[in-house]
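Structural overview for review
Each chain, written out:
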Amino acid sequence: MPAVAMEDDIRRTRFDAHVAGEGKVEPQDWMPEGYRKTLIRQISQHAHSEIIGMQPEGNWITRAPSLRRKCILIAKVQDEAGHGLYLYSSAETLGVSRQQMEADLLSGKAKYSSIFNYPTLTWADIGAIGWLVDGAAITNQIPLCRCSYGPYARAMVRICKEESFHQRQGFELMMALSKGSPEQRRMAQDALNRWWWPSVAMFGPPDSDSIHGSQNAAWKIKRFSNDELRQRFIDMTVKQAEALGLTIPDPDLKFNTESGHWEIGEIDWDDFWKVVKGDGPCNRQRMAHRKKAHDDGAWVREAALAHAAKARARTEKKVA
Amino acid sequence: MQTERDWPLYEVFIRSRQGLSHVHAGSLHAADDRMAVENARDVYTRRGEGLSIWVVRSDRITASAPDDKGALFDPADSKVYRHPTFYDVPDDVECL
């Protein structure tokens, strides 16, 4: 074996043992290329989801029904921007540039969570997103706070703290509607009907079809399988729907007294893959909007750099 | 698309309370120092996490190399006499 390959082998063995023993990995440490690539893919995809996720909710800021709800929604959308930024910075510690990540998003090379390709048709959708989508996101994200990669884990701790406000405001919004007029109740139920299945599908394909499973588990990037996390979300949400007096849109939903878990009907994976591959109701709109925002902001980014250069030149002249 | 220049990267340190030191919070891009402070305020202190912000351009930081970890830090491991627990003293003598 060539010396370099042998050295890598030794490092790899040491790395695997370190991670297996719950050791953390920091940016300057040696890591296998696969570990680095997986994390760049996952963290940047997560960051893109936060940024694209601002759109369906931003859509309702001007139409929020009260000043209180408007303040809440603005704060929430601002948080999503913040979450995107924490995540982009943590991906950058792995050696990928912000520009590269942006370019990959805009070219369609990088993905973002499919959930944001569904439209927000009524005000109740804002409640359903907070309650269901953020509820699902938290279920997914809490275990990531213990991810082996330090910068990602630290970003997730911050994000999880903030997400709990997102979920609670969504539930509170749904509660206000479900306790309101018959029309408001219908609106809440309709939003649940439309967001339930996409939220359940957010956890990704069933474990039997999942491609990234075992290696990511060994690297302590993913600690629970898609199906395990999905089950957690279902058990928690069925009870919450009951408290709201709303009905989960699944005739096959039943409680298994033996396992103590709620069982759901068949998920429409064809629809899921259709949306992932770009043919959801809003894929094109989301990308067009992001691209326009990026292009429209180009002169601001350039002007800021030009201003900084000028100001620096002025100070240098003064010093000289 | 790659022709645009990236804004420089800054590291952000936040003092959460008087009496505590600044702690690394994360990083961000900004065109200049002032914008870095303003962005740090928006990105890292939306919920009263801080009373004071330090920013420094990431390329101005000098760090120890990961490969030097052994040479730098291992020698301390063998110097147990630097810790108070190393010393045997009688239990009934106070204030030691």
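Just so it is clear, the model here is predicted, and its values are computed rather than measured. (Residues numbered from 1 in each chain as written. Chains lettered and ligands numbered in written order. Predicted model: local features only at pLDDT ≥ 70, side-chain atom pairs only at ≥ 80, totals over all residues. Heavy atoms only, no water.)

On the surface, a cluster of nonpolar side chains totalling about 710 Å² of accessible area is made up of B:Val80, B:Tyr81, B:Phe86, B:Tyr87, B:Val89, B:Val93 and B:Leu96. Positionally, B:Tyr81 belongs in the segment after α2 (69-77). (Patch = residues over 30% accessible without salt bridge, like charges linked within 9 Å, V, L, I, M, F, W, Y side chains within 5 Å. Areas by Shrake-Rupley, 256 points an atom, 1.4 Å probe, with all protein chains shown as cover. Salt bridge = Lys/Arg side-chain N within 4 Å of Asp/Glu carboxyl O. Helix = DSSP H or I, 4+ residues; strand = E, 2+ residues; numbered from the N terminus.)

Counted under the stated rule, the structure contains 14 aromatic pairs over all chains. Arranged with centres 5.5 Å apart and planes meeting at 85°, the rings of A:Tyr35 and A:Trp219 form a pair that is edge-to-face. One end of the pair, A:Tyr35, is in helix α2 (residues 33-52); the other, A:Trp219, is in the loop between α9 (213-218) and α10 (226-244), with 184 residues separating them in the sequence. By relative accessible area, which is 0% here, A:Tyr35 ends up buried. Overall, the relative accessible area of 5% leaves A:Trp219 in the buried class. Geometrically, the ring pair formed by A:Tyr86 and B:Tyr44 is stacked, given 5.5 Å between the ring centres and 25° between the ring planes. (Phe/Tyr/Trp six-rings, centres within 6.5 Å; stacked < 30°, edge-to-face > 60°. Buried < 20%, exposed > 50% of the residue type's maximum accessible area, 1.4 Å probe, protein only.)

Our focus in this paragraph is the pattern of salt bridges. Scanning the model with the defined rule gives 27 salt bridges over all chains in all. Of the charged contacts, one joins B:Arg46 and A:Asp79 as a salt bridge, the two residues approaching to 2.8 Å between their closest N and O atoms. Within this pair, whereas B:Arg46 is found in the loop between α1 (33-44) and β3 (52-57), its partner A:Asp79 is found in helix α4 (residues 67-92), the two belonging to separate chains. A:Asp271 serves as the salt-bridge partner of A:Lys274, at 3.8 Å between the closest nitrogen and oxygen. Note that A:Lys274 and A:Asp271 are positioned in helix α11 (residues 269-279) at a spacing of 3 residues, about one turn of the helix. Residue A:Asp271 is classed as partly exposed on the basis of its relative accessible area of 27%. By sharing partners, the salt bridges in this structure join A:Glu57, A:Lys76, A:Glu80 and A:Asp134 into a single network.

This part takes up the packing of helix α5 (residues 98-107) of chain A against helix α12 (residues 283-296) of chain A. Residues and elements named next belong to chain A. Put simply, α5 and α12 touch, their axes get as near as 9 Å, and they point 140° apart. As judged from the angle between their axes, α5 and α12 are oblique. Both α5 and α12 take part in a crossing whose hand is left-handed. Residues Glu-102, Leu-105 and Leu-106 of α5 touch α12, and the partners they reach there are Met-287, Arg-290, Lys-291 and His-294. Residue classes in the contact of α5 with α12 are distributed as 3 nonpolar, 1 polar and 3 charged. (Axes fitted to C-alpha atoms, helices over the stretch in contact; angles between N-to-C directions. Parallel < 35°, antiparallel > 145°, perpendicular 65-115°, else oblique. Left-handed = near helix turned anticlockwise from the far one by under 90°. Contact = heavy atoms within 4.5 Å. Nonpolar A, V, L, I, M, F, W, Y, C, P; charged D, E, K, R; others polar.)

Interface size, as often reported, equals the accessible area lost upon joining of the parts. Counting residues at the interface gives 22 residues for chain B and 27 residues for chain A. Of the roughly 2200 Å² buried at the junction of chain B and chain A (both faces included), carbon and sulfur atoms supply 47%. At the junction of chain B and chain A, the tally comes to 4 salt bridges. Its salt-bridge partner being A:Asp79, residue B:Arg47 comes within 2.5 Å of it at the nearest N-O pair. Linking chain B with chain A are 9 residue pairs in polar contact (both at pLDDT 80 or more), by the criterion used here. Those elements that place two or more of their residues in the side of chain B that touches chain A are β2 (23-29) and α1 of chain B. Its residues placed into classes, the side of chain B that touches chain A shows 10 nonpolar, 3 polar and 9 charged. (Buried area = accessible area lost by both parts, 1.4 Å probe. Polar contact = N/O pair within 3.5 Å; in protein donor to acceptor, adjacent residues only side chain to side chain.)

Residues and elements named next belong to chain A. The contact between helix α6 (residues 123-141) and α10 brings their axes to 10 Å, and the two run at 145°. Where α6 crosses over α10, the handedness of that crossing is right-handed. Residues Trp-131, Leu-132, Gly-135, Ala-136, Thr-139 and Asn-140 of α6 touch α10, and the partners they reach there are Leu-229, Arg-232, Phe-233, Met-236, Thr-237, Gln-240, Ala-241 and Leu-244.

We now examine the environment of A:Pro56. All names here are of chain A. Considering the arrangement of structural elements, one finds Pro-56 in helix α3 (residues 54-58). When the C-alpha atoms of Pro-56 and Arg-286 are compared, they prove to be 8.7 Å apart, with 230 residues separating the residues in sequence. What Pro-56 contacts, discounting residues up to four positions off in sequence, is Phe-116, Thr-120, Ile-126, Ile-129 and Arg-286.

It is worth spelling out a negative patch on the surface at this point. Where like charges cluster on the molecular surface, the negative patch consists of A:Glu7, A:Asp8, A:Asp9, B:Asp67 and B:Asp68. Inspection of the secondary structure puts B:Asp67 in the loop between β3 and α2. (Lys, Arg positive; Asp, Glu negative; His and termini not counted. Charge placed at Lys NZ, Arg CZ, Asp CG, Glu CD.)

Moving on, we come to unusual backbone geometry. Residues and elements named next belong to chain A. Within the chain, Glu-22 stands out as a residue other than glycine whose phi angle is a positive 65°. Position of Glu-22 among the secondary structure elements: in the loop between α1 (3-20) and α2. We note that Lys-220 has phi near 55°; this positive angle belongs to a residue other than glycine. Within the secondary structure layout, Lys-220 lies in the loop between α9 and α10.

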